[in-house]
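# Breakdown of the fold
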Amino acid sequence: MRNQAWYVAALIGIMCLIRFGLSAIGYVDPHWLMQQLGAPLASNLQMPYIIRVWAIRDMVLAILVAFSNQATIKVLLFACIAIDLTDIWSAHLSGLEGLFSATDTWSLKLTAIAALLPESIALALIMRNSSQTQE
């Protein structure tokens, strides 16, 4: 995130805060997060472990993005976008299979979309700025 225009840094910072904040909550209290997502512990005994694995992945990714330089930021943002798109698709498929209610499915999708929007805009701005400097 170093050496970025202030507005790109702000978008990346928002994404990192969303990704890291939600993940930290999930790591510290996966049972509470499961309750918020409509995934009761009684029928999902492995979920606290899975949530913690997801949480560590996202916390590490947020830290890597926050401290990245211009050479690595694009690759990391592409990775973030790919992860969020697969999270949205997974939530959609889970909703179709009846694993979550429509409300819970949208809650899962919106969580990923909240990080996807600022990181996508930031990547587009970085790509635009790099193409303008090459001309």
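Let me begin by describing the structure that accompanies this report. Every chain's residues receive numbers from 1 upward, in the order its sequence appears when written. pLDDT decides what is reported in this predicted model: residues at 70 or higher carry local features, side-chain atom pairs at 80 or more are listed and counted, and totals for whole chains, interfaces and linings draw on all residues regardless. The side-chain values count all of the structure's non-hydrogen atoms but skip hydrogen atoms and water molecules.

### Structural notes on the layout of surface pockets
Empty space among the atoms can be located by rolling a probe the size of a water molecule over them. Rule in force here: Computed over the protein atoms alone on a 1 Å grid, cavities are sets of points where a 1.4 Å probe fits but cannot get out and pockets are open sets with protein on both sides within 12 Å along at least five of seven lines; a residue lines them when it has an atom within 4 Å of a point. Grid points are joined across faces, edges and corners, and a volume is the space filled by probe spheres set on the points. A run of H or I in DSSP counts as a helix once it spans at least four residues, and a run of E counts as a strand once it spans at least two, with each numbered from the N terminus. Here the term charged refers only to Asp, Glu, Lys and Arg, the term nonpolar to Ala, Val, Leu, Ile, Met, Phe, Trp, Tyr, Cys and Pro, and the term polar to all other amino acids, Gly among them.
When its volume is computed, the largest pocket comes out at roughly 780 Å³. Forming the walls of the largest pocket are 29 residues, and the residues nearest its centre are Leu37, Met47, Trp54, Asp87 and Leu108. Going through the elements one at a time, α1 (6-28), α3 (47-66), α4 (73-96) and α5 (102-134) are the ones with two or more residues in the lining of the largest pocket. Classifying every residue of the lining of the largest pocket by side-chain character gives 17 nonpolar, 7 polar and 5 charged. Volume-wise, the second largest pocket comes out at about 160 Å³. Lining the second largest pocket, in full, are Asn3, Gln4, Ala5, Val8, Gln70, Ile73, Lys74, Ile126, Asn129, Ser130 and Thr133. Looking at which element gives the most residues to the lining of the second largest pocket, the answer is α5, with 4 residues.

### A look at the side chain of Asp104
Stated formally: Exposure is judged per residue with a 1.4 Å probe applied to protein chains only, and the accessible area is read against the type maximum: over 50% gives exposed, under 20% gives buried, and values in between give partly exposed. Think of it this way: Lys and Arg go in the positive column, Asp and Glu in the negative one, and His and the chain ends go nowhere. The term salt bridge refers to a pairing of a side-chain nitrogen on Lys or Arg with a carboxyl oxygen on Asp or Glu at a separation within 4 Å. Contact definition: two residues touch when any of their heavy atoms are within 4.5 Å.
With respect to the helices and strands, Asp104 occurs in helix α5. We note that Asp104 is buried and unpaired, the nearest opposite charge coming from Lys109 at a distance of 13 Å. If we skip the residues at most four places from it in the chain, Asp104 touches Gln36, Leu37 and Gly38.

### Details of the environment of Ile12
Inspection of the secondary structure assignment puts Ile12 in helix α1. On a C-alpha basis, the gap between Ile12 and Ile121 in space is 9.0 Å, while along the polypeptide they are 109 residues apart.

### So, the pattern of salt bridges
Taken as a whole, this structure holds 5 salt bridges when the rule is applied. The closest approach of N and O atoms between Glu119 and Arg19, which form a salt bridge, is 3.1 Å. Residue Glu119 is found in helix α5, and its partner Arg19 is found in helix α1; the two are separated by 100 residues along the sequence. Across this residue pair, the class does not change: Glu119 and Arg19 are buried. Residues Asp58 and Arg57 are paired through a salt bridge, measuring 2.8 Å at the closest nitrogen-oxygen approach. Exposure remark for Asp58: the relative accessible area of 4% places this residue in the buried category.

### Considering the side chain of Lys109
Among the structural elements, Lys109 can be located in helix α5. When near neighbours in sequence (up to four residues on either side) are disregarded, Lys109 contacts Ile88, Ala91 and His92.

### Points about α1
Where we set the bar: What a helix should span is 1.5 Å times the count of its residues minus one.
Compared with the 33 Å implied by 1.5 Å per residue over 23 residues, the 32 Å span of α1 between its first and last C-alpha is a close match. For α1, the set of buried residues is Val8, Leu11, Ile12, Gly13, Met15, Cys16, Arg19, Ser23 and Gly26. Packed against the buried residues of α1 are α2 (30-36), α3, α4 and α5.

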